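# Remarks on the overall topology
Listed here are the chains, written in short residue letters.
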Amino acid sequence: MSEPASGRIVAAYLAAMVCVSAASIAALYGLFVSGFPEFLSRLAESPVTAVQNDPVSPALALTSTLLAVVLVGLVVAFGARHGPAATGERSRRSDEE
């Protein structure tokens, strides 16, 4: 297991989580306001025309998906680096004692 996270690392992690979360909420709100369900209906009828008439909706959908992946990645990366040891290491350590 690595050393516990310093205050600076935790602060950077929390700042990154807040910024990415706020950007994700803004992108999802943008999808809501732009009428994404109507875009999906038009996309089923004529994909090329739908994207040409409303290029913002696919961009917002891609952006919100990527931001969600980044959020999960931040949590996993921080947990892997600074989280508790794996179960196997814990049980080995307790067997040695």
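Residues numbered from 1 in each chain as written. Predicted model: local features only at pLDDT ≥ 70, side-chain atom pairs only at ≥ 80, totals over all residues. Heavy atoms only, no water.

With that settled, the discussion passes to the overall build of the protein chain. Broken down by element type, the protein chain carries five helices and zero strands. Each helix and strand of the protein chain, ordered N terminal to C terminal, gives the series α-α-α-α-α. The burial tally for the protein chain puts 19% of its 97 residues in the buried class. Looking at the protein chain alone, contacts between residues at least 24 apart form 72% of all its contacts between residues at least 6 apart. Carbon and sulfur atoms make up 68% of the accessible area of the protein chain, which amounts to about 6,900 Å² in all. (Helix = DSSP H or I, 4+ residues; strand = E, 2+ residues; numbered from the N terminus. Buried < 20%, exposed > 50% of the residue type's maximum accessible area, 1.4 Å probe, protein only. Contact = heavy atoms within 4.5 Å. Areas by Shrake-Rupley, 256 points an atom, 1.4 Å probe, with all protein chains shown as cover.)

A word on the side chain of S64. Looking at the element boundaries, S64 is found in helix α4 (residues 56–82). Of the residues examined, S64 reaches a relative accessible area of 9% and is grouped as buried. Dropping the residues within four chain positions of it, S64 is found in contact with A27, L28 and L31.

If you walk through the whole model with that rule in mind, you get three aromatic pairs. Seen in terms of ring centroids, Y13 and F78 are 4.0 Å apart; in terms of plane orientation they differ by 15 degrees. Their pairing is stacked. Within this pair, whereas Y13 is found in helix α1 (residues 7–33), its partner F78 is found in helix α4, the two being separated by 65 residues in sequence. The class for Y13 is buried, based on a relative accessible area of 18%. Considering the side-chain rings of Y29 and F32, the 6.4 Å spacing of their centres and the 40 degrees angle between planes classify their relative orientation as tilted. Within this pair, Y29 and its partner F32 are both found in helix α1, separated by three residues, close to a single helical turn. (Phe/Tyr/Trp six-rings, centres within 6.5 Å; stacked < 30°, edge-to-face > 60°.)

Glancing now at α1. The terminal C-alpha atoms of α1 lie 39 Å apart, and with 27 residues this matches the ideal 39 Å at 1.5 Å per residue to within 8%. The complete set of buried residues in α1 reads Y13, M17, V20, S24, A27 and L31. Where α1 terminates, the next one or two residues include G35, which has phi positive at roughly 75 degrees. (Expected span 1.5 Å × (residues − 1).)

A few words now on the confidence of the model for the protein chain. Chain-level statistics for the protein chain give a pLDDT mean of 86 and a share of 82% at 70 or above. By mean pLDDT, helix α5 (residues 87–96) is the weakest element of the protein chain at 54, and helix α3 (residues 47–53) is the strongest at 94. (pLDDT = per-residue confidence, 0-100.)

Bringing the nonpolar core into the picture now. Y13, M17, V20, A27, L67 and L71 together form the largest nonpolar core, which totals six residues. Looking at this core element by element, the count peaks at four residues for α1. Beyond its immediate stretch of four places on either side in the chain, L71 contacts M17, V20, S21 and S24. (Core = buried A, V, L, I, M, F, W, Y, C linked by side-chain atoms within 4.5 Å.)

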